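Coordinate analysis (summary)
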Amino acid sequence: MLPLLLASSSVYRRELLARLQLPFTCSSPDIDESHRPGESAIELVKRLAEAKARALANSYCAHLIIGSDQVAVLGDRIIGKPHTFDKAREQLLAASGASVTFLTGLALLNSQTGDCQVDCVPFTVNMRTLDIARIERYLRAEQPYDCAGSFKAEGLGVSLFQSTEGPDATSLVGLPLIRLIDMLLVEGVQIP
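Residues numbered from 1 in each chain as written. Predicted model: local features only at pLDDT ≥ 70, side-chain atom pairs only at ≥ 80, totals over all residues. Heavy atoms only, no water.

In the annotation of an unreviewed UniProt entry, the entry for the protein reads 7-methyl-GTP pyrophosphatase, and the organism field reads Pseudomonas silesiensis. As recorded by UniProt, the Cofactor (unreviewed entry) comment attached to the protein reads in full: "a divalent metal cation". (UniProt positions renumbered as here; feature names shortened; annotations may be inferred.)

Section: the packing of aromatic side chains
Counted under the stated rule, the structure contains two aromatic pairs. Between F102 and F151 the ring centres are 5.5 Å apart and the planes differ by 75°, which places this aromatic pair in the edge-to-face class. Here F102, found in strand β5 (residues 99-110), pairs with F151, found in the loop between α4 (132-142) and β7 (161-165); they are 49 residues apart in sequence, far enough to count as distant. Relative accessible area serves as the criterion here: at 4%, F151 is assigned to the buried category. (Phe/Tyr/Trp six-rings, centres within 6.5 Å; stacked < 30°, edge-to-face > 60°. Helix = DSSP H or I, 4+ residues; strand = E, 2+ residues; numbered from the N terminus. Buried < 20%, exposed > 50% of the residue type's maximum accessible area, 1.4 Å probe, protein only.)

What to know about the UniProt feature "site: Important for substrate specificity" (unreviewed entry) in the protein
The UniProt record marks Y12, Q70 and E154 with the feature "site: Important for substrate specificity" (unreviewed entry), using the residue numbering of this structure. Counting through the fold element by element, Q70 comes out in strand β3 (residues 64-74). One polar contact links Q70 to T104, side chain to side chain, over a distance of 3.0 Å. Secondary-structure assignment places E154 in the loop between α4 and β7. Given a relative accessible area of 43%, E154 falls into the partly exposed group. The contacts of E154, once residues within four sequence positions are left out, are Y12 and V173. (Polar contact = N/O pair within 3.5 Å; in protein donor to acceptor, adjacent residues only side chain to side chain. Contact = heavy atoms within 4.5 Å.)

Thoughts on the state of the cysteines
By definition, a disulfide is the covalent link that joins the sulfur atoms of two cysteine residues. Counted by the stated rule, this structure contains zero disulfides. Free cysteine: C26, not disulfide-bonded; nearest cysteine sulfur from C147 at 17 Å. By relative accessible area, C26 is classed as partly exposed at 31%. The thiol of C116 is unpaired, and the distance to the nearest cysteine sulfur, on C120, comes to 14 Å. The exposure class of C116 is partly exposed, given its relative accessible area of 24%. (Disulfide = S-S within 2.5 Å.)

Comments concerning the nonpolar core
Ranked by internal contacts, the top residues of the largest apolar core, which has 22 residues, are M127 and F151. Residue assignment for this core shows that the elements contributing at least two residues are β3, α3 (85-95), β5, β6 (116-127) and α4. Those residues in contact with F151 that lie beyond four places of it in its chain are L92, F102, V125, M127, Y138, P144, G157, L160 and F161. Residues L6, L20, I66 and L184 belong to the second largest nonpolar core, which totals 18 residues. (Core = buried A, V, L, I, M, F, W, Y, C linked by side-chain atoms within 4.5 Å.)

A closer look at the UniProt feature "active site" (unreviewed entry) in the protein
The feature "active site" (unreviewed entry), as annotated in UniProt, sits at D69 in this numbering. Relative to the elements of secondary structure, D69 occurs in strand β3. Leave out the neighbours within four places in its chain, and D69 touches R13, E33, V45, L48, A49, K52, L103, T104 and G105. At 2.8 Å, the side chain of D69 and the side chain of K52 are in polar contact.

Quick notes on the environment of G149
Turning to its location among the elements, G149 is positioned in the loop between α4 and β7. Taking C-alpha positions, G149 is 8.4 Å from V71, a pair spaced 78 residues apart along the chain. Discounting chain neighbours no more than four positions away, the residues touching G149 are A72, I79, G80, Q91, L92 and F102.

Here's what the structure looks like:
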């Protein structure tokens, strides 16, 4: 098996990949993550996931490199990481009683052969109706300012959900393990 490399500095993705009990290393790619004019959210996450993997290919020439990128979509608008309390409050107010779809782009690049598998895994969160007091209590408790959509699904953020829909709950956290396993099997990796 070629060594596995996670093209990310995300602690959330690292924790998810560790569930597969395969040895891996991490390296953070340096890419431009700008949204291109006319590019759909699905095209964006697939392009960025592949770009992250390819950005490390020259430095890791005989590896299976995993790239991933995620955006949250509310209506027809991409919502990113809020970075501040005020922006997080604004995002959660807008999402109150609505559905937020998380699109996670996933790429597995064999840097030895150049073969690259790319996909997008959707996951939808149907939010409870939220009032300002509840939103502010949540934000003070968890401070999810580095999370798209302004909540941590793996933490207290689940209290904001009415229900969820999707093929792989791990995609909500940023690395769809079920789809990744499919890709690893194509590359001959045995799990377990």
